[in-house]
Amino acid sequence: MKFFRLMVVGLILSLGLVGCATTETPVEETKSVTGTINVYTRDASSGTRGAFEEFIELKDKLTVTAIEVTGNGDMAVKVGEDLNGIGYVSLTTDFAANGITPLSYKGVEATEENVINKSYELARPFEFVTRASGDFASEDQELVTLAFADFLMNSVEGREVVFAAGGIVDVDAGTAWETLKANHPVLSKDLSAVVLKTGGSTSVEKTLKAALEAFQALTGVQFEMNHTGSSDGFKRTLGSEKDSANAVDIGFASRYFKAEETVNLGAATGVYCMDAIVVVVNDENTLLTDSDKELVFNIFSGAVSTWEEVAK
């Protein structure tokens, strides 16, 4: 009888041990990043590139092996597809959707709050300029353009959609559109045939499209976006391409306009929100979470060219 009890106890203990073994959680494997660092950069006309190189003091020092991409969205996609990739994008980018991880800079996370309080240093403006007064396709085209500029910069409703799309702006400092609209009697007309044309920075597209769609819902005005880079924002409104097939009503830059870009000649110009530039790596690259000027400079200049060097 005693022997039988011992057998039962032993069987129970053995079943218990088996049960415990089957409930263990397997250790998740992490993918190490090794080999060459693939540096991605924007094209020479990009305001994001200009601002980034100015912040990092990288002008004319970018590694010759850098892979040039066509826009902010293309940058996000390319780095998201490349385990060894590193690049830089606008804070308005959907990081998760593209499979990229934003790096902190000097220990400070890239957030709207940190841009506003100026603790995140890689911040820049989203600026615009219109054609010169009297240089639009028609008087109504000019008046509608100015109405949209007012909506974008000053209205609560315009600021709300820009903010919702990732732009950094003080919504509470805006004025109700119903009040501002009274300053633009052209909006009482049927404007369904008017098409606002915009160009310039690709980084502004997300916030700008949100504002244009909101304005369209309120006024019936159509819009056409064709964005190719910040340098083109001035060229296509007031510069060398203002009378070409590429001409637009409003040009945008994701940096401050340069001294030689005489935006004071435009019928309207200004900063409609702030943004930040964020260094990003592939989601599966857990080697880097923070960065600083020296590290970023060394990687983008080619002084550091492998992930093993970064890991040291």
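In this text the structure is predicted, and so the values were computed from the model without any measurement. (Residues numbered from 1 in each chain as written. Predicted model: local features only at pLDDT ≥ 70, side-chain atom pairs only at ≥ 80, totals over all residues. Heavy atoms only, no water.)

Draft legend 1. Here's a closer look at the domain arrangement of the protein. Considered domain by domain, the protein is made up of domain 1 (38–123 + 277–311) and domain 2 (124–275). Each of domain 1 and domain 2 was reduced to a C-alpha centroid, and the two centroids are 28 Å apart. On the side of domain 2, 19 residues touch domain 1, which itself brings 18 residues to the contact. Between domain 1 and domain 2, a total of about 1,400 Å² is buried, with carbon and sulfur atoms accounting for 53% of that surface. Of all residues in domain 1, Ser 45, Thr 92 and Glu 112 give up the largest surface area on contact with domain 2, accounting jointly for 39% of the area buried on that side. Counting every contact that joins domain 1 to domain 2 gives 0 salt bridges. (Domains from an automatic or database assignment. Contact = heavy atoms within 4.5 Å. Buried area = accessible area lost by both parts, 1.4 Å probe. Salt bridge = Lys/Arg side-chain N within 4 Å of Asp/Glu carboxyl O.)

Draft legend 2. Quick look at the side chain of Ser 46. Turning to its location among the elements, Ser 46 is positioned in the loop between strand E1 (38–42) and helix H2 (47–56). In terms of polar contacts, Ser 46 uses its side chain to reach the side chain of Arg 42, at 3.5 Å. (Helix = DSSP H or I, 4+ residues; strand = E, 2+ residues; numbered from the N terminus. Polar contact = N/O pair within 3.5 Å; in protein donor to acceptor, adjacent residues only side chain to side chain.)

Draft legend 3. Inspection of the nonpolar core at higher detail. The biggest cluster of nonpolar side chains holds 41 residues, and the ones touching the most others in it are Ile 37, Phe 52, Ile 86, Tyr 120, Ile 299, Phe 300 and Trp 307. Per-element accounting of this core gives the leading share, 6 residues, to strand E10 (residues 269–282). Setting aside residues up to four positions removed in sequence, Trp 307 forms contacts with Val 33, Thr 34, Gly 35, Thr 36, Ile 37, Asn 84, Gly 85, Ile 86, Val 281, Asn 285, Leu 287 and Leu 288. Core analysis: the next-biggest nonpolar cluster, separate from the first, contains 30 residues, Val 144, Phe 215, Ile 250 and Ala 268 among them. (Core = buried A, V, L, I, M, F, W, Y, C linked by side-chain atoms within 4.5 Å. Buried < 20%, exposed > 50% of the residue type's maximum accessible area, 1.4 Å probe, protein only.)

Draft legend 4. Examining the pattern of salt bridges more closely. Following the criterion strictly, the structure yields 13 salt bridges and no others. The closest approach of N and O atoms between Arg 49 and Glu 68, which form a salt bridge, is 3.5 Å. Separated by 19 residues along the polypeptide, Arg 49 in helix H2 and Glu 68 in strand E2 (residues 67–69) bring together distant segments of the chain. By relative accessible area, which is 53% here, Glu 68 ends up exposed. Here Arg 131 and Asp 135 are joined by a salt bridge, their closest N and O atoms 3.2 Å apart. Overall, Arg 131 belongs to the buried group, its relative accessible area being 6%.

Draft legend 5. The layout of surface pockets, seen in detail. Here the largest pocket defines a volume of roughly 460 Å³. As for the largest pocket, its lining consists of 20 residues, of which Gly 50, Ala 51, Glu 54, Arg 255 and Lys 258 are closest to the centre. Broken down by secondary-structure element, the contributors of at least two residues to the lining of the largest pocket are H2 and strand E6 (123–130). No other element matches the 6 residues that H2 contributes to the lining of the largest pocket. Here the residues of the lining of the largest pocket are counted per class, giving 8 nonpolar, 4 polar and 8 charged. (1 Å grid on protein atoms, 1.4 Å probe; cavity = no way out; pocket = protein on both sides within 12 Å on 5 of 7 lines; lining within 4 Å. Points joined across faces, edges and corners; volume = space filled by probe spheres on them. Nonpolar A, V, L, I, M, F, W, Y, C, P; charged D, E, K, R; others polar.)

Draft legend 6. A look at the packing of aromatic side chains. All told, the structure shown has 12 aromatic pairs when counted by the stated rule. Between Tyr 88 and Phe 300 the ring centres are 5.9 Å apart and the planes differ by 55°, which places this aromatic pair in the tilted class. With a gap of 212 residues between them, Tyr 88 in strand E3 (residues 85–90) and Phe 300 in helix H11 (residues 293–301) connect regions that are remote in the sequence. A relative accessible area of 1% means that Tyr 88 is categorised as buried. Judged by relative accessible area, which is 0%, Phe 300 ranks as buried. Between Tyr 105 and Tyr 120 the ring centres are 6.5 Å apart and the planes differ by 70°, which places this aromatic pair in the edge-to-face class. Placement of the pair is Tyr 105 in strand E5 (residues 104–105) and Tyr 120 in the loop between helix H5 (112–116) and E6, with a sequence separation of 15 residues. The residues Tyr 105 and Tyr 120 share a single accessibility class, namely buried. (Phe/Tyr/Trp six-rings, centres within 6.5 Å; stacked < 30°, edge-to-face > 60°.)

Draft legend 7. Broad picture of the confidence of the model for the protein. Of all residues in the protein, 90% have pLDDT values of 70 or greater, and the mean over the chain is 91. A low-confidence stretch, residues 1–23 stays under pLDDT 50, and its non-local contacts, those more than four residues away or across chains, total 0 contacts. (pLDDT = per-residue confidence, 0-100.)

Draft legend 8. Region of the structure containing the packing of helix H6 (residues 139–154) against helix H7 (residues 156–164). The N-to-C vectors of H6 and H7 enclose an angle of 65°; their axes lie 5 Å apart at closest approach. In this structure, H6 meets H7 at a crossing whose hand is right-handed. Here Phe 151, Leu 152, Met 153 and Asn 154 of H6 come into contact with H7, specifically with Val 156, Glu 157, Gly 158, Arg 159 and Val 162. Its residues assigned to classes, the contact of H6 with H7 comprises 5 nonpolar, 2 polar and 2 charged. (Axes fitted to C-alpha atoms, helices over the stretch in contact; angles between N-to-C directions. Left-handed = near helix turned anticlockwise from the far one by under 90°.)

Draft legend 9. Helix H3 (residues 72–80), seen in detail. Regarding H3, the residues found buried are Asn 72, Asp 74, Met 75, Ala 76 and Val 79. Looking at the packing, one finds that the buried side of H3 touches E1, E2, E3, helix H4 (95–98), strand E4 (100–102) and E10.

Draft legend 10. The packing of H6 against helix H9 (residues 205–219), seen in detail. Where H6 contacts H9, the axes come no closer than 10 Å and their chain directions differ by 120°. As for how H6 packs across H9, the hand of that crossing is right-handed. Across the interface between the two elements, Val 144, Ala 147, Phe 148, Phe 151 and Leu 152 of H6 pack against Leu 208, Ala 211, Leu 212, Ala 214, Phe 215 and Leu 218 of H9. For the contact of H6 with H9, the per-class residue count stands at 11 nonpolar, no polar and no charged.

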